[in-house]
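Understanding the architecture of this molecule
The residues making up each chain are set out below.
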Amino acid sequence: MHLSGSARSLITGERTALNFLQRMCGFATLTDRYVRAVAGTRARILDTRKTPPGLRALDKYAVTADGGHNHRLDLAAMVLPKENHIAAAGGVTAAIEAVRRAMARTGQTVESDVEVQTVTQAVEALGAGARWIMLDNMPVADIEQVVKLRAGRADASRILLEASCTIRLDTVLAIAGTGVDLISVGALTRSAPALDLTMLPTAGPVPCPR
């Protein structure tokens, strides 16, 4: 890109602008690598809420710039009963039912994604009528088993399966090959290296493209 204006203004804003651009370009680049890695499968790459305060909107925008998808922007966007909620509720079914009761009581309806960590818990979530199930840190063989269990159900087309936790570029294709619909990758906005950018002066005025 070409910038023109007062040298004082350009140099004053240079570092802040480059910090944002380097960070976001790094996220977009890593997202692109994950998206390319699962090309040809049904899986979509999702980000997570692993972002620093105040930067989530920008970080998540960067993910979408190269083919990734946003999971949820904040806690209000989706109900996600995780392991702590499930333990407190007394089990997967109890947690799902608690969410439904709360929605009925408040009159609010939002998407719900329940986290499970074993095949047994996944079976329980399916039996409780969960429509979005996060398979957290499960071995590929277990994920394949859950995908097969879903396929045997009459309502299979209405159920989303998401793989999550410790997803790496060298493992993501095998996970996508199981037939899951979604793969959420915390690394996209947590540990992507920044792209090295610089702002240099030109020898003379450069016309801005129109």
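Residues numbered from 1 in each chain as written. Predicted model: local features only at pLDDT ≥ 70, side-chain atom pairs only at ≥ 80, totals over all residues. Heavy atoms only, no water.

Brief notes about unusual backbone geometry
At Asn137, a residue that is not glycine, the phi angle is positive and equals roughly 55 degrees. Mapped onto the elements of the fold, Asn137 is located in the loop between strand 5 (132–136) and helix 6 (140–151). A positive phi angle, close to 55 degrees, is found at Thr166, a residue other than glycine. For Thr166, the location among the structural elements is in the loop between strand 6 (160–164) and helix 7 (172–176). (Helix = DSSP H or I, 4+ residues; strand = E, 2+ residues; numbered from the N terminus.)

Comments concerning the pattern of salt bridges
Summed over the entire model, instances satisfying the criterion amount to nine salt bridges. Note that Glu115 and Lys82 form a salt bridge whose closest N and O atoms lie 2.8 Å from each other. With Glu115 in strand 4 (residues 114–116) and Lys82 in the loop between strand 2 (78–79) and helix 3 (83–89), the pair connects residues that are 33 residues apart, well separated along the chain. Assessed through its relative accessible area of 3%, Glu115 is described here as buried. Between Arg150 and Asp181 there is a salt bridge; the shortest N-O distance is 2.5 Å. With Arg150 in helix 6 and Asp181 in the loop between helix 7 and strand 7 (182–184), this residue pair connects regions lying 31 residues apart in the sequence. Accessibility classification places Arg150 together with Asp181 in one group, the buried group. (Salt bridge = Lys/Arg side-chain N within 4 Å of Asp/Glu carboxyl O. Buried < 20%, exposed > 50% of the residue type's maximum accessible area, 1.4 Å probe, protein only.)

Some thoughts on the environment of Thr202
Looking at the element boundaries, Thr202 is found in the segment after helix 8 (187–190). What makes Thr202 partly exposed here is its relative accessible area of 48%. Residues Thr202 and His2, spaced 200 residues apart in sequence, show a C-alpha to C-alpha distance of 9.3 Å.

Description of the side chain of Thr31
Topologically, Thr31 is positioned in helix 1 (residues 7–37). The class for Thr31 is buried, based on a relative accessible area of 0%. Excluding residues within four positions of it along the chain, Thr31 makes contact with Val63, Asp66, Gly68 and Leu188. (Contact = heavy atoms within 4.5 Å.)

Structural notes on the sheet that holds strand 5
Taken in spatial order, the five strands of this open sheet run 1-7-6-5-4, and their pairing is parallel. For this open sheet the edge positions go to strand 1 (44–46) and strand 4, each flanked by a neighbour on one side alone. In this sheet, neighbouring strand axes are inclined to one another by 30 degrees on average, regardless of whether the strands run parallel or antiparallel. (Pairing = 2+ DSSP bridges. Axes fitted to C-alpha atoms, helices over the stretch in contact; angles between N-to-C directions.)

Notes on helix 4 (residues 92–106)
Taking 1.5 Å per residue, 15 residues should reach 21 Å; helix 4 reaches 21 Å between its end C-alpha atoms and fits that length. All buried positions along helix 4 are accounted for by Val92, Ala95, Ile96, Val99 and Met103. One face of helix 4 carries all of its buried residues, which in axial projection span an arc of 100 degrees. Relative to its buried face, helix 4 has exposed residues pointing more than 90 degrees away, namely Arg101, Ala104 and Arg105. Buried residues belonging to helix 4 abut strand 2, helix 3, strand 3 (111–112), strand 4 and helix 5 (119–127). Positive phi shows up at Gly107, right after helix 4, with a value of about 80 degrees. (Expected span 1.5 Å × (residues − 1). Arc of directions from axis to C-beta.)

A few points about the packing of helix 1 against helix 2 (residues 56–64)
How two helices sit against one another is set out by the angle between their axes and by the gap between those axes. For the pair helix 1 and helix 2, the least separation of the axes is 7 Å and the interaxial angle reads 40 degrees. When the axis of helix 1 is compared with that of helix 2, the two are oblique. Pair helix 1 / helix 2 crosses with right-handed handedness. Judged by residue contacts, Phe20, Arg23, Met24, Phe27, Ala28 and Thr31 of helix 1 engage Leu58, Asp59, Tyr61, Ala62 and Val63 from helix 2. Of the residues assigned to the contact of helix 1 with helix 2, the class counts are eight nonpolar, one polar and two charged. (Parallel < 35°, antiparallel > 145°, perpendicular 65-115°, else oblique. Left-handed = near helix turned anticlockwise from the far one by under 90°. Nonpolar A, V, L, I, M, F, W, Y, C, P; charged D, E, K, R; others polar.)

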